Amino acid sequence: MAKQPKICVVGSSMIDLISKVPRLPKLGETLVGHSFHLGYGGKGANQAVMAAKLGARVTMVNKVGRDVFGEGTLVNYREQGIDTTHVMFDESRFSGVAPIFVDDNAQNFIVIVPGANLGLLPADVQKAAEVILAADILICQLEILSETTLEAFRIAKSGNVRTILNPAPAASIPDELLQLSDICAPNETETELLTGQPMGTMAEAEAAARKLLLRGTRTVILTLGERGALLVDEDTVESIPAVKVDAVDPTGAGDAFIGSLAVFLGEGLSMSNAIRRANAVAALSVTRIGTQVSFPKRVEADDFLENQSLI
Ligand code: RIB
């Protein structure tokens, strides 16, 4: 039986307000949608829930508002078996929310209003140092203050904990954050912003990955949607194909990828195999509407991986 990895996520939570619409509205237009779905989201929370669903021991470090969304988020973490010792209330801000539109072609756009997530400070992370240092892997994204993420990575690396940076949503980041990242895993848009490099061809994608390596991260995994993933480190360049499915809603697929990648790496798989499996888990998630509710549990994920000859 595989080792049960310990994963700590220092990051965001949002309440996802998802509307299924025939197409994305034009500026100033009122459009009639198909359906509405309320769910737990936020990149940090999604990645934590994905890891927990696959069987990891997960600790979340996060701030929510003292409101119905914040209370619900706390209950949701507990129902997923996530340790909430370091989930705190921000008394002056609302919980983060994310209005999301998904069209008939399974394309989305997302607005985040981070709210209480911006109340998570470096001092809060210092109080969670023990759980960060006890983890096999720390995962961070960019939906909280960058100085808070930086503090979490500094603590992790002081104890040689493996770090995964998912630089999402797209934003500029200091070199120090990349230097503290064992793995940096951006999507296409994020890579373009971080490197100023077009991503039209795989050669351009590789060149972009190399720019990130030069800035200090050890391994780059580019998630390229239908083009699959590209793994680049000092000695390797490997293109990993996407898994074909009938997509309904891509929201959270990137988070399913990161959360499951952490679990598979924590279980001891090679980078290449972990990416192949995480790709498949993410693909499965886009076949259903919603974010966390679309993520498979371990049994379903393993069945799918077996069908794809990945186990
Ligand atoms: O990556 C998807 C997530 O981005 C959504 O759950 C939304 O809350 C935003 O954080």
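Preceding block: the structure.
The rules behind each value
- Residues numbered from 1 in each chain as written.
- Predicted model: local features only at pLDDT ≥ 70, side-chain atom pairs only at ≥ 80, totals over all residues.
- Heavy atoms only, no water.
- Helix = DSSP H or I, 4+ residues; strand = E, 2+ residues; numbered from the N terminus.
- Rg over C-alpha atoms; globule rule 2.2 N^0.38 Å.
- Buried < 20%, exposed > 50% of the residue type's maximum accessible area, 1.4 Å probe, protein only.
- Contact = heavy atoms within 4.5 Å.
- Areas by Shrake-Rupley, 256 points an atom, 1.4 Å probe, with all protein chains shown as cover.
- Lys, Arg positive; Asp, Glu negative; His and termini not counted.
- Charge placed at Lys NZ, Arg CZ, Asp CG, Glu CD.
- Pairing = 2+ DSSP bridges.
- Axes fitted to C-alpha atoms, helices over the stretch in contact; angles between N-to-C directions.

Caption draft 1: Quick peek at the overall build of the protein. If you tally the helices and strands in the protein, you get 11 helices and 13 strands. Against the globule reference of 19 Å for 311 residues, the protein gives a C-alpha radius of gyration of 18 Å, in line with a compact fold. Here the C-alpha coordinates of the protein stretch approximately 50 × 45 × 40 Å along the principal axes. The proportion of buried residues among the 311 residues of the protein is 54%. Taking all contacts inside the protein whose residues are at least 6 apart in sequence as the whole, residues at least 24 apart take part in 67%. Carbon together with sulfur atoms contributes 53% to the accessible area of the protein, which is approximately 13,100 Å² in total. Positive and negative side-chain charges of the protein, numbering 27 and 37 respectively, have mean locations separated by a distance of 2 Å.

Caption draft 2: Highlighting unusual backbone geometry. A cis geometry characterises the amide bond from Ala168 onward to Pro169, with omega recorded as 0°. Here Pro169 lies in the loop between strand E9 (162–165) and helix H6 (175–179). You will see that Ala106, though not glycine, has its phi angle at about 60°, which is positive. Within the secondary structure, Ala106 sits in the loop between strand E6 (97–102) and strand E7 (108–110). Classification of Ala106 as buried rests on a relative accessible area of 13%. In this structure, Asn160 is a non-glycine residue whose phi angle is positive, near 60°. Positionally, Asn160 belongs in the loop between helix H5 (146–158) and E9. Accessibility expressed as a relative area gives 64% for Asn160, which makes it exposed.

Caption draft 3: Representation of the sheet that holds strand E13 (residues 237–240). If you trace the 9 strands from one edge of the open sheet to the other, you get E5-E4-E1-E8-E9-E10-E11-E12-E13, paired in mixed fashion. Across the chains shown, the open sheet's two edge strands, defined by having one partner strand only, are strand E5 (83–90) and E13. Running over the sheet, helix H8 (residues 202–214) touches strand E10 (183–184), strand E11 (219–223), strand E12 (229–233) and E13 and is turned about 45° from E12.

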